[in-house]
Amino acid sequence: MPDSTTPHPPHSLDHVARIQAEWARERPDIDVRPQGVIGRLHRLAGLLTEELCVVYRRFGLSEGEFDVLAALRRAAEPFERAPGELATHTMVTSGAMTKRIDRLERAGLVTRRRAADDGRARVVALTAAGRDLIDRAFAEHMRNERRLLDTLAGDEAAALESLLTAWLGRLEPPWEG
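Residues numbered from 1 in each chain as written. Predicted model: local features only at pLDDT ≥ 70, side-chain atom pairs only at ≥ 80, totals over all residues. Heavy atoms only, no water.

S.K.: What's the story with the side chain of Thr127 in this structure? I'm lost.
M.R.: Along the polypeptide, Thr127 turns up in the loop between β3 (118-126) and α6 (128-149). Engagement of the side chain of Thr127 in a polar contact is seen with the backbone nitrogen of Gly130, the distance being 3.0 Å. Residues within four places of Thr127 in sequence aside, it is in contact with Gly108, Leu109, Val110 and Thr111. (Helix = DSSP H or I, 4+ residues; strand = E, 2+ residues; numbered from the N terminus. Polar contact = N/O pair within 3.5 Å; in protein donor to acceptor, adjacent residues only side chain to side chain. Contact = heavy atoms within 4.5 Å.)

Take a look at the structure:
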């Protein structure tokens, strides 16, 4: 198998390899090999996001709305969380969370109420319709993710998961939740 420094015929270069070749030509003083990993992960993330969003749209949801419903569903009975907790679980700002909750509430998928222990705090909960929708959407989402991973051969998915887990563990603080 050729290494990253072996020239490839132009027709066999993927998008990232073409960019690397151009940079290597223009700036031979800079090691462009990191682009081979980072560039491909970045492109893959975009392609995967689009493939995942196809399923969300099929259920009338945006990616963010799916995330909110999924975070509520994972909370276990009674399937509710504070808006700030939802923002943490979905990694968005409180303003973005408010907009998502507003739309989901208008659609009858969540409700908002005052917290029993603090009248100033709010709690967001799944409605029966919200639970039914996220259960169906999540099942389809998992089938879709399986389809995407099945494009890898043999143990490639397990090896990739192991590598990504190790790398992410070095770059991201552990989850404290």
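S.K.: Explanation requested: the pattern of salt bridges in the structure shown.
M.R.: When charged atoms on two side chains of opposite charge get close, those side chains can pair. Under the definition given, this model contains 18 salt bridges. For Arg58, the salt bridge is made with Glu140, and the minimal N-O distance between the two is 3.1 Å. On the criterion of sequence distance, the pair formed by Arg58 in helix α2 (residues 34-58) and Glu140 in helix α6 is long-range, its members being 82 residues apart. The closest approach of N and O atoms between Asp135 and Arg73, which form a salt bridge, is 2.7 Å. (Salt bridge = Lys/Arg side-chain N within 4 Å of Asp/Glu carboxyl O.)

S.K.: What should I look at first to understand helix α5 (residues 94-106) in this one?
M.R.: An α-helical segment advances 3.6 residues per turn. Residues three or four places apart therefore align on the same side. With 13 residues, α5 ought to run about 18 Å at 1.5 Å a step, and its terminal C-alpha atoms sit 18 Å apart, in line with that. Gly108 sits one or two positions beyond α5 and adopts a positive phi of about 80°. (Expected span 1.5 Å × (residues − 1).)

S.K.: When you look at the packing of helix α3 (residues 63-74) against helix α4 (residues 83-90) in this model, what are you seeing that I'm missing?
M.R.: Relative orientation and spacing of two packed helices are given, respectively, by the angle between their axes and the distance between those axes. Between α3 and α4, whose axes approach to 10 Å, the crossing angle comes to 110°. When the axis of α3 is compared with that of α4, the two are roughly perpendicular. Mapping the contact onto sequence places Asp67, Val68, Ala71, Leu72 and Arg74 in α3 and Leu86, His89 and Thr90 in α4. Of the residues that constitute the contact of α3 with α4, the class distribution is four nonpolar, two polar and two charged. (Axes fitted to C-alpha atoms, helices over the stretch in contact; angles between N-to-C directions. Parallel < 35°, antiparallel > 145°, perpendicular 65-115°, else oblique. Nonpolar A, V, L, I, M, F, W, Y, C, P; charged D, E, K, R; others polar.)

S.K.: Even after reading the chapter, I still don't get the packing of aromatic side chains, so can you show me in this structure?
M.R.: By the definition in use, this model includes one aromatic pair. Considering the side-chain rings of Tyr56 and Phe66, the 4.4 Å spacing of their centres and the 25° angle between planes classify their relative orientation as stacked. With Tyr56 in helix α2 and Phe66 in helix α3, this residue pair connects regions lying 10 residues apart in the sequence. (Phe/Tyr/Trp six-rings, centres within 6.5 Å; stacked < 30°, edge-to-face > 60°.)

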